[in-house]
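Spelled out from the first residue to the last, the chains are:
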Amino acid sequence: MITFYPGPSKVYDEVGRYLQEAFESGVISANHRSTAFMQMLEDAIRNLKTKLNVPDDYEVYFVSSATECWEIIAENLISDASLHIYNGAFGEKWMEYTQKLTGSARSYFFETNEEPDLNTVTKPAANEIICLTHNETSNGTALTSEFLNTLRAQCENMIAVDATSSMAGVVLPWDSADVWYGSVQKCFGLPAGMGVMIVSPKAVERAIAVGNRSHYNSLLFIRDNFLKFQTPYTPNTLGIYLMGRVMKQVLPIETVAEQTHKRAQDWCKFLPENGYRLLVENEAVRSETVVAVKDSKERIVAIKKAALQVGIVLGNGYGKDKEVSFRIANFPAITDSEIRTLKDFLVSFSSK
Ligand SMILES: *Cc1c(COP(=O)(O)O)cnc(C)c1O
């Protein structure tokens, strides 16, 4: 079975070997306050920061999921309000989670084929945190680095970005936001079960000012532990081991991103040439890591079914276009030969 599901997604082929290595090394039986564990956590963070080119003064924490990051941000960084700028299901869910916790989440919704217009976004209040979804996995759109850089230059507000389905697949403009997070089962090519949170010194300062030490998700408590290369609770040791190992293996993000870019360009040429319609018409806002294809409800059902019969899993549609689209993950762990297999299938399906 080959999977193009955009999360959980195909893991790197080498993960099988690393699982065995993890077992043999004994570290997955080690106590999480032991030197062996701390060394491993330190290596994993260092490898990640090096390969993804994360600024030295940004801190990296491993948590449970991207969803958990919604709560961590709401409980530790939002002292007044938050402004959620989104166009799809994940951005909306983040807003809803936050609203339940803080009661002060504002929405700015924009259309699928548009970039948010900064002139019409009402000016955020001084302490308001701006929440963005870098890659909207539900509809295959993404924010450009130019947009993020412009927003950064225009306001002093803290900016938090959900980069769950783009982190480790494309180059992110780290300096243009204070909080970035994602989870491992997307572009990292790892088995599900961990989130990655990356925070700027300014976000740490805000967490200190908010001073939440009374929740499981206390950012300060998480941080105290990570500064010692420990974790507040007994962590997903195997997940951290695999993260360290995969981050050691992968090429620097610039190189990975070049491959992502080329493959995305290729999909966006191949699909229309073979009778498939891209969900996102505006090239400028298309995601490079999740390609969404639009069709009638009947044909979507038929394509997914025929694909399964030849051992290919396509991503279901998600959110508002659930029934009339399917998604193709363009994540780094997918091989050229798997892509060829999917293309052959799509060509034969559309010629029927
Ligand atoms: C997958 C995804 C999430 C949720 O990730 P979990 O690891 O399941 O918490 C959140 N946001 C986006 C944009 C996603 O793609």
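Residues numbered from 1 in each chain as written. Predicted model: local features only at pLDDT ≥ 70, side-chain atom pairs only at ≥ 80, totals over all residues. Heavy atoms only, no water.

As recorded in an unreviewed UniProt entry, the chain goes by the name phosphoserine transaminase, listed as coming from Dyadobacter chenhuakuii. Listed under Cofactor (unreviewed entry) in UniProt, the entry text for the chain is "pyridoxal 5'-phosphate". We quote the UniProt Sequence similarities (unreviewed entry) comment for the chain here in full: "Belongs to the class-V pyridoxal-phosphate-dependent aminotransferase family. SerC subfamily." (UniProt positions renumbered as here; feature names shortened; annotations may be inferred.)

**Observations regarding the sheet that holds strand 9 (residues 179–183)**
Pairing is mixed across the open sheet formed by seven strands, whose spatial order is 2-10-9-8-5-3-4. Of all the strands in the sheet, just strand 2 (59–63) and strand 4 (105–109) have a single pairing partner and so form its edges. Neighbour-to-neighbour, the strand axes of the sheet open up by a mean angle of 20°, direction not taken into account. Pairing analysis gives five bridges linking strand 9 to strand 10 (residues 195–199), with the strands arranged antiparallel. In the sheet register, Tyr 181 faces strand 10, and the bridge partner there is Met 197. With respect to the sheet, helix 5 (residues 145–154) is in contact with strand 5 (129–133), strand 8 (159–162) and strand 9, its orientation differing from that of strand 5 by roughly 175°. Most of the contacts of helix 7 (residues 219–226) go to strand 2, to which it runs at about 105°, and overall it touches strand 2 and strand 10. (Pairing = 2+ DSSP bridges. Helix = DSSP H or I, 4+ residues; strand = E, 2+ residues; numbered from the N terminus. Axes fitted to C-alpha atoms, helices over the stretch in contact; angles between N-to-C directions. Contact = heavy atoms within 4.5 Å.)

**Observations concerning the pairing of strand 15 (residues 325–329)**
Regular strands place their side chains on alternate faces of the sheet. Counting buried positions over the five residues of strand 15 gives five, a clear majority of the element. Both faces of strand 15 are covered, namely the face carrying Ser 325, Arg 327 and Ala 329 and the face carrying Phe 326 and Ile 328. Direction of pairing for strand 12 (residues 290–294) relative to strand 15: antiparallel, over a ladder of five bridges. Its bridge partner lying in strand 15, Ala 292 is registered against Arg 327. As paired elements, strand 14 (residues 315–316) and strand 15 share two bridges and run antiparallel to each other. (Buried < 20%, exposed > 50% of the residue type's maximum accessible area, 1.4 Å probe, protein only.)

**Observations concerning the environment of Leu 151**
Mapped onto the fold, Leu 151 is located in helix 5. Looking at Leu 151, the relative accessible area reads 5%, which means it is buried. Along the sequence, Leu 151 and Leu 77 sit 74 residues apart, while their C-alpha atoms lie 19 Å from each other. Leaving out residues up to four positions away in the same chain, Leu 151 has contacts with Leu 118, Ile 130, Leu 132 and Ile 159.

**Brief notes about unusual backbone geometry**
Following Gly 7, the chain continues to Pro 8 via a peptide bond in cis, the omega torsion being -10°. The backbone phi angle of Asn 53 is positive, close to 60°, even though this residue is not glycine. Examined against the element boundaries, Asn 53 turns out to sit in the loop between helix 2 (35–52) and strand 2. Positioned with a positive phi, Ala 168 is a non-glycine residue whose angle comes to about 80°. With respect to the element layout, Ala 168 can be found in the loop between strand 8 and strand 9. Looking at Ala 168, the relative accessible area reads 8%, which means it is buried.

**Observations concerning the pattern of salt bridges**
Enumeration according to the criterion identifies 17 salt bridges in this entry. One salt bridge in this structure joins Lys 10 and Asp 13, with 2.9 Å as the shortest N-O distance. Residue class for Lys 10 comes out buried when judged on its relative accessible area of 11%. A salt bridge links Lys 10 to Glu 338; the nearest nitrogen and oxygen atoms lie 3.4 Å apart. Of this pair, Lys 10 sits in the loop between strand 1 (2–3) and helix 1 (15–25) while Glu 338 sits in helix 11 (residues 336–350); the two residues are 328 residues apart in sequence, bridging distant segments of the chain. The same class applies to Lys 10 and to Glu 338, which are both buried. By sharing partners, the salt bridges in this structure join Lys 10, Asp 13 and Glu 338 into a single network. (Salt bridge = Lys/Arg side-chain N within 4 Å of Asp/Glu carboxyl O.)

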